[in-house]
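Residues per chain are reported as follows:
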Amino acid sequence: QQQVKQSPQSLIVQKGGISIINCAYENTAFDYFPWYQQFPGKGPALLIAIRPDVSEKKEGRFTISFNKSAKQFSLHIMDSQPGDSATYFCAASKETSGSRLTFGEGTQLTVNP
Amino acid sequence: SAVISQKPSRDICQRGTSLTIQCQVDSQVTMMFWYRQQPGQSLTLIATANQGSEATYESGFVIDKFPISRPNLTFSTLTVSNMSPEDSSIYLCSVGEMGNTIYFGEGSWLTVV
C-alpha cells in the first residue's frame, strides 16, 4: 500500500516559472514531511521540511504548503531555473517510528532555458 | 550536516556472488538506515541498522539476503547476498537523529550481470 502519493510524475517548466509538485498521505500519524532533491548520479539531498503545526514554510525560492485536513502537502519552486532540473521526492515519517521515511514516487522536473 | 561516505561507489558483480557495502559517518549518529533505489524508481527502506544488535527489517526484506552490521555509532555495512540481476540498484546509507533531519550518502551503484 503506497502511503505517500506524489504527482505529477514529470513536469516541464520554463525558466522563471513556478514549479508545483503535490503529495498526499494516508497515515495521520505522520508528523514530519521533508522534500529531497536528487541529481543524476547523486544521493538525495534535503531541500526543505515541514511539521504539521504550520501551514507553510519558505526557504528562499522553495515553499512547502501543508493542508493537514486534506492530508496533502506541496512544494512550490518560484522563479525556476535550469539548475533546478532534478528529481524531487516528498517523504513522510513519524517520530515514534524512529524517523523511518516513506517516500513518494518522485517527480522529474525539467526547467527549460 | 553529517558527512557520509559509502564504499564502493559503483560495482559490477557476477550473479550468485555477494557484495558488502560500507557506510562511514564523520560523527556519531543515533539512527542509521539502508535504502534501495531501483533504476528510475523511488527509495524503499530495507532496514534500520541498530548499534550492537540485530537490524530491524522492513516487510519484504530478510536478514539472509541483506545481512547488516553496525558495530558502533559511526559505521555500518550492508551485504547483498547471492545476487541476481533484480538486485541491480542503488543502495543508500542514511543517518540522522530522532525527530531531526535524515541525510543520505551518495549511494552504491550495483549492477549484477
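Residues numbered from 1 in each chain as written. Chains lettered and ligands numbered in written order. Predicted model: local features only at pLDDT ≥ 70, side-chain atom pairs only at ≥ 80, totals over all residues. Heavy atoms only, no water.

Novice: What is the right way to look at the overall build of chain A in this model?
Specialist: If you tally the helices and strands in chain A, you get zero helices and 11 strands. Counting helices and strands in the order they occur from the N terminus, chain A gives β-β-β-β-β-β-β-β-β-β-β. What you see for chain A is a C-alpha radius of gyration of 13 Å, in line with the 13 Å of a compact globule of 113 residues. Across its three principal axes, chain A shows a C-alpha extent of roughly 45 × 30 × 20 Å. When the 113 residues of chain A are sorted by exposure, 44% land in the buried category. (Helix = DSSP H or I, 4+ residues; strand = E, 2+ residues; numbered from the N terminus. Rg over C-alpha atoms; globule rule 2.2 N^0.38 Å. Buried < 20%, exposed > 50% of the residue type's maximum accessible area, 1.4 Å probe, protein only.)

Novice: In this structure, what is going on with the state of the cysteines? I would like to understand it.
Specialist: Working definition: the covalent bond between the sulfur atoms of two cysteines is a disulfide. Inspection of the entire model under this criterion finds two disulfides over all chains. Sulfur-sulfur distance for the disulfide between C23 of chain A and C90 of chain A comes to 1.9 Å. Between C23 of chain A and C90 of chain A the disulfide shows an S-S torsion of about -95°. By sign, it is left-handed. Placement of the pair is C23 of chain A in strand β3 (residues 19–25) and C90 of chain A in strand β9 (residues 86–92), with a sequence separation of 67 residues. Look at C23 of chain A and you get buried, because its relative accessible area is 2%. No disulfide involves C13 of chain B; its sulfur sits 18 Å from the nearest other cysteine sulfur, which is in C23 of chain B. With relative accessibility at 6%, the residue C13 of chain B sits in the buried group. (Disulfide = S-S within 2.5 Å.)

Novice: Honestly, the interface of chain B and chain A in this entry has me stumped. Any pointers?
Specialist: Much of the literature gives interface size as the accessible area that the parts lose upon coming together. Listed as interface residues are 21 residues of chain B and, on the opposing side, 18 residues of chain A. Between chain B and chain A, the buried area comes to about 1,600 Å², and carbon and sulfur atoms account for 54% of it. On inspection of chain B and its partner chain A, the count reaches one salt bridge. Note that E58 of chain B is salt-bridged to R100 of chain A, the shortest N-O span being 2.9 Å. Going through the elements one at a time, β4 (31–37), β5 (43–49) and β10 (102–104) of chain B are the ones with two or more residues in the side of chain B that touches chain A. Take the side of chain B that touches chain A: its biggest share by element is four residues, from β4 of chain B. Class assignment of the residues belonging to the side of chain B that touches chain A gives a composition of 10 nonpolar, eight polar and three charged. (Contact = heavy atoms within 4.5 Å. Buried area = accessible area lost by both parts, 1.4 Å probe. Salt bridge = Lys/Arg side-chain N within 4 Å of Asp/Glu carboxyl O. Nonpolar A, V, L, I, M, F, W, Y, C, P; charged D, E, K, R; others polar.)

Novice: Is there a simple way to explain the pairing of β3 of chain A in this structure?
Specialist: Put simply, side chains in a regular strand alternate between the two faces of the sheet. Residues and elements named next belong to chain A. Residues S19, I21, C23 and Y25 line the buried face of β3, whereas the alternating positions I20, N22 and A24 sit on a face that is not buried. Pairing analysis gives four bridges linking strand β1 (residues 4–7) to β3, with the strands arranged antiparallel. The residue of β3 that forms the bridge with Q6 is C23. (Pairing = 2+ DSSP bridges.)

Novice: Any chance you could explain the layout of surface pockets here in plain terms?
Specialist: Any empty space left between the atoms is revealed when a probe the size of a water molecule rolls over them. For the largest pocket, the calculated volume is near 1,100 Å³. Contributing to the lining of the largest pocket are 48 residues, with F103 of chain A together with Q41, S42, L43 and T44 of chain B lying nearest its centre. Contributing elements (two or more residues each) for the lining of the largest pocket: β9, β10 (102–103) and β11 (107–112) of chain A together with β4, β5, β9 (89–96) and β11 (108–112) of chain B. For the lining of the largest pocket, the leading source of residues is β9 of chain A, giving four residues. Of the residues that constitute the lining of the largest pocket, the class distribution is 17 nonpolar, 26 polar and five charged. Lining the second largest pocket are 14 residues, and of these P44 of chain A together with A2, F104, G105 and E106 of chain B lie nearest its centre. Of all the secondary-structure elements, those providing two or more residues to the lining of the second largest pocket are β5 (45–50) of chain A together with β10 of chain B. Among the elements that make up the lining of the second largest pocket, the one with the highest residue count is β10 of chain B (three residues). (1 Å grid on protein atoms, 1.4 Å probe; cavity = no way out; pocket = protein on both sides within 12 Å on 5 of 7 lines; lining within 4 Å. Points joined across faces, edges and corners; volume = space filled by probe spheres on them.)

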